[in-house]
Amino acid sequence: MRYRPVGKTATVVSALSFALCEDGLKRGPADWTNLIFAALEQGINCFEVLSHSPAIAEGLARALTSVERELLFVGW
C-alpha cells in the first residue's frame, strides 16, 4: 500500500485509485458494497466509476454513507 500525506494536518490519502466497472459478471448492489468496503479497509479512498450500472451506483452509495465525505474522492 502506498500513501502520501496531504495538507497542513498531514491527512493520509491513498495514492491508488479503484476503478468500478462492469466485468461481465452479474453483481448486485450488495456485491459492489462488499467490494468497496474491502477496498476501504485496505486504505483505498479514491474511486473511479467507469460504468452506468445502477448496481454500482447503489452499492457505492451504500458503502460511502458510513465514511466522512472529506476523506474520499469519487470520479464519475
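In what follows, the accompanying structure is described.

**Comments concerning the overall build of the chain**
Along the chain, the regular secondary structure elements total two helices and five strands. Starting at the N terminus and ending at the C terminus, the chain contains elements arranged as β-β-β-α-β-α-β. Across the 76 residues that make up the chain, the buried fraction comes to 29%. The contacts of the chain with a sequence gap of at least 6 include a subset with a gap of at least 24, amounting to 69%. Of the accessible surface of the chain, which amounts to about 5200 Å², a share of 56% is contributed by carbon and sulfur atoms.

**Quick notes on the sheet that holds strand β5 (residues 73-75)**
If you trace the three strands from one edge of the open sheet to the other, you get β3-β4-β5, paired in parallel fashion. Whereas interior strands pair on both sides, the edge strands pair on one side only; in this sheet they are β3 (18-20) and β5. Going across the sheet, the axis of each strand differs from the next one's by a mean of 20°, ignoring polarity. Looking at chain direction, strand β4 (residues 46-49) and β5 are connected through three bridges and run parallel. By the bridge assignment for β5, F47 is matched with V74. Along the sheet, helix α1 (residues 29-41) contacts β3 and β4; its crossing angle with β3, the most-contacted strand, is approximately 175°.

**Remarks on the pattern of salt bridges**
According to the stated counting rule, one finds two salt bridges in the structure shown. Here D23 and R27 are joined by a salt bridge, their closest N and O atoms 2.7 Å apart. Overall, the relative accessible area of 42% leaves D23 in the partly exposed class. Among the residues examined, R27 registers a relative accessible area of 30% and is labelled partly exposed.

Cut-offs applied
Residues numbered from 1 in each chain as written. Predicted model: local features only at pLDDT ≥ 70, side-chain atom pairs only at ≥ 80, totals over all residues. Heavy atoms only, no water. Helix = DSSP H or I, 4+ residues; strand = E, 2+ residues; numbered from the N terminus. Buried < 20%, exposed > 50% of the residue type's maximum accessible area, 1.4 Å probe, protein only. Contact = heavy atoms within 4.5 Å. Areas by Shrake-Rupley, 256 points an atom, 1.4 Å probe, with all protein chains shown as cover. Pairing = 2+ DSSP bridges. Axes fitted to C-alpha atoms, helices over the stretch in contact; angles between N-to-C directions. Salt bridge = Lys/Arg side-chain N within 4 Å of Asp/Glu carboxyl O.

Take it as geometry only, folks, not as evidence of what the structure does.
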